[in-house]
Amino acid sequence: MVQKSEEVQTPLLPDVQSLVDPRPKGASLSSAVFNISTSMIGAGIMSIPATFKVLGVIPALVIILAVAFMGNISGEFLLRYTPSGKSNTYAGLMAESFGRFGSLALQICVLITSLGCLIIYLIIIGDVLSGNQSGAVVHTGILQELFGFHWWTSRVYAVLFTVIFVMLPLVLLRRIDSLRYTSALSILLALMFVIICSLMALYALWEGKSETVRLGPDFSIQGSVFSLFTTIPIFMTAFGYQINVHPIRAELRDPSDIRLAIRISLAICAIFYFTIGLFGYLLFGDSIMADILVNFDQHAHTTTSVVVNDIVRLSYAFHLMLVFPIINYPLRANLDELLFPSKPVLATDTARFLWLTCALLVITYVIAIAIPDIWYCFQFLGSTTVLCLTLVFPALILLRDIHEKSSTQDRIVAVLLLLLAAGSSVIAISCNLYS
């Protein structure tokens, strides 16, 4: 990311490929769409149906569209100031506007958010492969269902094998564009997850076994209007992509394509989220859990339902495995800049790249094994650091306006984003702590 003095213009990923391949290279628009979409469609997608239970169908749709719209605005704010100054990174923009304090705040938020998401991914993968236990209820994983209970089907070893043989080869790729095929595959797996849920809901509707859904919130159940704000962290996390904008833009054949890539990605994710939210809610109704995969486990009573259940869970687990390197990318880059601000760009230093990559992977694995459930932590991230990265920092950069590129209308929108972020964060955290 950003370097000091004359290194400020160095992008996060230099064109190291040109050093070994004389042919002109550049990422395509489709590659950017896949990578941006993958960075958004992560763990949040399986909690979207639970937000429909809280909000109702119509308010959930409105919030999905509103958050996607705000995501497009914040991305535009970042891109507007990227070619205007000397920096081509998110941290660089914050450094230009607010000095070292600005870049440090950005880096800390990226580290907390990215590491938290990666830990959650490994926990969910462990749940799918090796199951978990909630109180007296034991949910078996796919490995135990297929092979029984052995040492190698336990969470410790199942996740370890996944980290070594799936995650490690992917996180060792130095260019984010190299992940375009795995990103495309992860989108297809997410699409499979959505399609299966939709077909199950439609079949239940045809059989007259679907659940009754509410178009709006039921305050006799939710308690108060403030409880609706507990869904904001889920939606904000589900549409968070801003930390990957600059590295993806740096590798585009035509950097101006990044705006269109963002809009297409936001539209794809909005469609995904509304579809899985609606049909998941239609399928499970008010019994839907924060982790929709638990509902599939509870409803697997026949051979067919067991097979469908395993397909759904496996497709989601593989999806998270492929999302993992996309989120790991900004985490590694920001940590490197924080620890070694005067060192050469990370992609050009093999030794530093390797040990930092392996160290992060080990830390993520150890914490994921040690912590069985971090859903409240997930909501905390969505109402603090994620809000800062997606709304607060882009709005502050525009209000600072060191290159005088903002209009009065832009500044009004930026202030509204700040007020919305602050208000929803305080209410969401207060409601979660109270509950």
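Remember, it's a predicted structure, so these values are computed and weren't measured experimentally. (Residues numbered from 1 in each chain as written. Predicted model: local features only at pLDDT ≥ 70, side-chain atom pairs only at ≥ 80, totals over all residues. Heavy atoms only, no water.)

1. Describing the overall build of the chain
When its secondary structure is counted, the chain shows 18 helices and two strands. Here the chain, with 435 residues, has 55% of them falling under the buried criterion. Long-range pairs, those at least 24 residues apart, make up 83% of the contacts in the chain between residues at least 6 apart in sequence. When the accessible surface of the chain is totalled, it reaches about 18,400 Å², and 69% of it is carbon and sulfur. (Helix = DSSP H or I, 4+ residues; strand = E, 2+ residues; numbered from the N terminus. Buried < 20%, exposed > 50% of the residue type's maximum accessible area, 1.4 Å probe, protein only. Contact = heavy atoms within 4.5 Å. Areas by Shrake-Rupley, 256 points an atom, 1.4 Å probe, with all protein chains shown as cover.)

2. Remarks on the nonpolar core
In this structure, Leu122, Phe193, Phe239 and Tyr273 are the most contacted members of the largest nonpolar core, which totals 124 residues. With 19 residues, the single largest contributor to this core is helix α5 (residues 90-130). When near neighbours in sequence (up to four residues on either side) are disregarded, Phe239 contacts Met40, Ile64, Val67, Ala68, Leu266, Cys269, Ala270 and Tyr273. (Core = buried A, V, L, I, M, F, W, Y, C linked by side-chain atoms within 4.5 Å.)

3. Thoughts on the environment of Leu106
Considering the arrangement of structural elements, one finds Leu106 in helix α5. On the accessibility criterion, Leu106 (0% relative accessible area) is buried. Remark: the alpha-carbon pair of Leu106 and Gly92, spanning 14 residues in sequence, is separated by 9.6 Å.

4. Quick word on the packing of aromatic side chains
Within the structure shown, the criterion is met by seven aromatic pairs. Note on Trp151 and Tyr157: the rings are 5.0 Å apart at their centroids and 85° apart in plane angle, and the pair reads as edge-to-face. With relative accessibility at 55%, the residue Trp151 sits in the exposed group. The exposure class assigned to Tyr157 is partly exposed, which follows from its relative accessible area of 35%. Both rings, one in Tyr157 and one in Phe161, keep their centres 6.5 Å apart while their planes meet at 45°; by these two values the pair is tilted. Remark: Phe161 and Tyr157 occur in helix α7 (residues 155-171); sequence separation between them is four residues, near one turn of the helix. (Phe/Tyr/Trp six-rings, centres within 6.5 Å; stacked < 30°, edge-to-face > 60°.)

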